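Here's the letter readout for the chains.
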Amino acid sequence: SQALQKSLQIPAAGSAAMGDLENVFGVYCNGEPTMDGKSLAKLAKDTKLLDSRLTATDVDLVFAKVKDKTARRITFSQFMEALVIFAGKKGVDSETVQNKVAASKGPVLSGTVAEANKFHDDKSLYTGVHAKGGPSTIDTDKVHDISQIMDRSDADVRGVSVNYQSGAARTSSGNVVRATSSAGRAPQTGSVRQSNDATLPRMDSMRRSGTGSTRDLMRAESSKRLALSRPGTGSSRNLTRTASSKAVVSQPSGSLALVFTNFTGGAAEMDGRQFAKCAKDTGVVNKKCTPTDIDLIFAKVKGNPSARKISYLQFVDGIEHCAVKRGAHYDDLEQLMLKSGGPTFSGTVAEANKFHDDKSLYTGVYANGGPSTID
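Residues numbered from 1 in each chain as written. Predicted model: local features only at pLDDT ≥ 70, side-chain atom pairs only at ≥ 80, totals over all residues. Heavy atoms only, no water.

A. Focus on the overall build of the protein chain. Helix and strand counts for the protein chain come out as 17 helices and six strands. Burial statistics for the protein chain: of 375 residues in total, 24% are counted as buried. Considering only contacts within the protein chain whose residues lie at least 6 apart along the sequence, 48% involve residues at least 24 apart. By element, 53% of the accessible surface of the protein chain is carried by carbon and sulfur atoms, the whole surface being about 27,200 Å². (Helix = DSSP H or I, 4+ residues; strand = E, 2+ residues; numbered from the N terminus. Buried < 20%, exposed > 50% of the residue type's maximum accessible area, 1.4 Å probe, protein only. Contact = heavy atoms within 4.5 Å. Areas by Shrake-Rupley, 256 points an atom, 1.4 Å probe, with all protein chains shown as cover.)

Here is the structure:
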């Protein structure tokens, strides 16, 4: 109504001031018919309406006051009402606030501007390769593309390069022999290069005689080279493992050492999981010596905090700790462990099913032996 517009000092519709305000409203709405709270706060900041009396928090509170209860945006009429409230908080008339907003040319966009740096801006101070235009993005002396190592010259119907044929001589057997280079390298016959390694002749002889496969020989040669590449003296840990292995082999059957190897799978060392299973399957675990106690004993006997396994001697030491924990004699506990002999494996047992177990109930092709796997 005109009375309300006059009381709020809102410009009449169609006036120049109203047109400017509508244009500013549309710019800050970014093409939308309504404005959100972020855009209103941006407008108040850009038009310098904010001061000690009208803060950014006041703008958010005014936006929440003029919008509808469930709405997230405000219309143009609600925007004009917000400007009137801004004027009241600032202690000025509404026309002053409206003129500031109408004079806006749109959102003010600002960014960080780098400070002047003479070593970057003044090219006359460049040194080294940068003084001559900077480094090349492609190094011609290095292989950066497959085209640099591919021979794309003309070839015959067999795919052999013409350049290769012109620079080679053919022997009576048909093999191509490359001429010796000026560097003194030995000639190469066919696709097999001469080598001081005796592996290739041995492979060739085995293929001719049929005594073995090339893969078997390559595996043997790899194992031999790996053994030769290892230090001859070996580390103290390797020596310990070798000694433990020999000690285990020399022990008679039915000994504690045999129980140790049964639970380690023949290895010279035992980890915590195997030690716990050994204690459980051999009956070491009871109310006095719980699985938690077994883990603590394992951590105690292995000594080094970074170690993950124990040797046979440490295993025996652990059994002694278990005997003390149980309040029993070591020999009695040893005899208990010898009775088990090795790990106990358990699995889920299927329930009886007459249609599977009783073959007299089979029908169809299964009654005659089942279908053939090969047609």
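B. Broad picture of the packing of aromatic side chains. Inspection of every chain in the model, using the stated rule, returns eight aromatic pairs. With 5.4 Å between their ring centres and 75° between their planes, F25 and F76 make a pair best called edge-to-face. Of this pair, F25 sits in helix 2 (residues 16–29) while F76 sits in helix 5 (residues 76–90), placing them 51 residues apart in sequence. Under the relative-accessibility criterion, F76 is labelled buried at 19%. A centroid spacing of 5.8 Å and a plane angle of 40° characterise the contact between F275 and F298, whose relative ring orientation is tilted. Here F298 lies in helix 14 (residues 291–301) and F275 lies in helix 13 (residues 272–281), a separation of 23 residues in the sequence. (Phe/Tyr/Trp six-rings, centres within 6.5 Å; stacked < 30°, edge-to-face > 60°.)

C. Broad picture of the nonpolar core. Of all hydrophobic cores here, the largest spans 28 residues; its most connected members are M35, L40, F79, L83, F86 and V101. Looking at this core, the elements with two or more residues in it are helix 2, helix 3 (37–46), helix 4 (56–66), helix 5 and helix 6 (94–102). Residue contributions to this core peak at eight residues, all from helix 5. If sequence neighbours within four positions are ignored, L83 has contacts with L21, V97, Q98 and V101. (Core = buried A, V, L, I, M, F, W, Y, C linked by side-chain atoms within 4.5 Å.)

D. A nonpolar patch on the surface, seen in detail. A cluster of nonpolar side chains, namely V143, I146, I149 and M150, defines an oily patch on the protein surface of about 410 Å² accessible area. Position of V143 among the secondary structure elements: in the loop between helix 7 (118–121) and helix 8 (162–166). (Patch = residues over 30% accessible without salt bridge, like charges linked within 9 Å, V, L, I, M, F, W, Y side chains within 5 Å. Salt bridge = Lys/Arg side-chain N within 4 Å of Asp/Glu carboxyl O.)

E. Examining helix 13 more closely. Restricting attention to buried positions, one finds in helix 13 the residues Q274, F275, C278, A279 and D281. The elements touched by buried residues of helix 13 are helix 12 (256–264), strand 5 (270–271), helix 14, strand 6 (309–310), helix 15 (312–326) and helix 16 (330–340). Just past helix 13, the residue G283 takes up positive phi, approximately 85°.

F. Just the confidence of the model for the protein chain, in detail. Mean pLDDT over the protein chain: 75, with 69% of residues reaching 70 or higher. Considering only residues more than four positions removed or in separate chains, one finds that residues 1–7, a stretch of pLDDT under 50, has three contacts. Across residues 168–215 the pLDDT falls below 50, and counting only partners more than four positions away or on other chains, this stretch makes 44 contacts in the model. (pLDDT = per-residue confidence, 0-100.)

G. A look at the packing of helix 3 against helix 4. Contact pair helix 3 / helix 4: the axes reach a minimum separation of 10 Å and the direction vectors enclose 135°. Relative to helix 4, helix 3 is oriented oblique. Where helix 3 crosses over helix 4, the two elements pack in a sense that is right-handed. Counting all contacts with helix 3, which are made through G37, L40, A41 and A44, the residues of helix 4 involved are V59, D60 and F63. Considering only residue class, the contact of helix 3 with helix 4 consists of five nonpolar, one polar and one charged. (Axes fitted to C-alpha atoms, helices over the stretch in contact; angles between N-to-C directions. Parallel < 35°, antiparallel > 145°, perpendicular 65-115°, else oblique. Left-handed = near helix turned anticlockwise from the far one by under 90°. Nonpolar A, V, L, I, M, F, W, Y, C, P; charged D, E, K, R; others polar.)

H. Representation of the pattern of salt bridges within the structure. In the structure shown here, the tally under the stated rule is four salt bridges. Between R73 and D36 there is a salt bridge, and its shortest N-O distance comes to 4.0 Å. You can see R73 sitting in strand 2 (residues 73–74) and its partner D36 sitting in strand 1 (residues 35–36), a full 37 residues away along the chain. When the shortest N-O distance is used, the salt bridge between K42 and D46 registers 3.5 Å. Of this pair, K42 and D46 both sit in helix 3, four residues apart, roughly one helical turn. The buried category is assigned to D46, whose relative accessible area is 17%.

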